[in-house]
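Observations on chain architecture
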Amino acid sequence: MHVKSHAPVAILLSTWNGADFLPEQLASFLRLTGPEWRLYWRDDGSEDRSVDIVRAFATGPAHGLVFERNDNRGRVGITDSFLTLLRAAPPDATVAFADQDDVRLPEKLARGVAALAPIPSGPPAPHCAAAA
C-alpha cells in the first residue's frame, strides 16, 4: 500500500477460480471504514463463477465502486495480472493489493493509510500487515 493525496484507495484484485472465497471477501469490502475505496479487478481465466460473482457485486451493492479491467488476455499469471491492475489504477491513488481469499477487517484501510501518512511523498512506501 502506498499513500498519495486524497483520492480513493484503489483496491486491486486479481481473481482466478475464487468463487468459494469471493462472496465473503466482497462483503468485507462493504464494511470497510475510513477512506473511500474503489475496486479494480481482473479475472485471470477462471473456470468457475468468479466473474459472475464480482460482476453481480459491481452492479449490486457496490454499484459505481467497481471497475473491471477486461483485456481478453485470459490466463497470464498472478504477477502480470496484478501489474495490469496497477497500470489501471489512478496515478494519484493509494494502492492496496487484495488476494481473492482475503477477508478485510473494517479498519484495514484506515490503519494502513494512517501508518503511511507520516511518510513524505516520493518513492513508494509499502505497508504490510499480518492480519486482514
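Look above for the structure.
Let me sum up the structure you'll find in this document.

The rules we used
Residues numbered from 1 in each chain as written. Predicted model: local features only at pLDDT ≥ 70, side-chain atom pairs only at ≥ 80, totals over all residues. Heavy atoms only, no water. Buried < 20%, exposed > 50% of the residue type's maximum accessible area, 1.4 Å probe, protein only. Helix = DSSP H or I, 4+ residues; strand = E, 2+ residues; numbered from the N terminus. Pairing = 2+ DSSP bridges. Right-handed = clockwise from strand over helix to strand, strands pointing away. Salt bridge = Lys/Arg side-chain N within 4 Å of Asp/Glu carboxyl O.

1. Some thoughts on the pairing of strand β2 (residues 37-43)
Among the seven residues that make up β2, six are buried, leaving the element largely enclosed by the rest of the structure. Here seven bridges tie strand β1 (residues 9-15) to β2, and the two strands are oriented parallel to one another. By the bridge assignment for β2, Thr15 is matched with Asp43. In this view, the connection linking β1 to its parallel neighbour β2 by way of helix α1 (residues 22-30) has right-handed handedness. Handedness of the crossover joining β2 and strand β3 (residues 66-68) through helix α2 (residues 50-59) is recorded here as right-handed.

2. Topic: the pattern of salt bridges
Scanning the model with the defined rule gives eight salt bridges in all. Arg42 is the partner of Asp44 in a salt bridge, and the nearest nitrogen-oxygen pair spans 3.0 Å. The two residues Asp44 and Arg42 agree in class, both being buried. A salt bridge links Glu68 to Arg55; the nearest nitrogen and oxygen atoms lie 2.9 Å apart. With Glu68 in strand β3 and Arg55 in helix α2, this residue pair connects regions lying 13 residues apart in the sequence.

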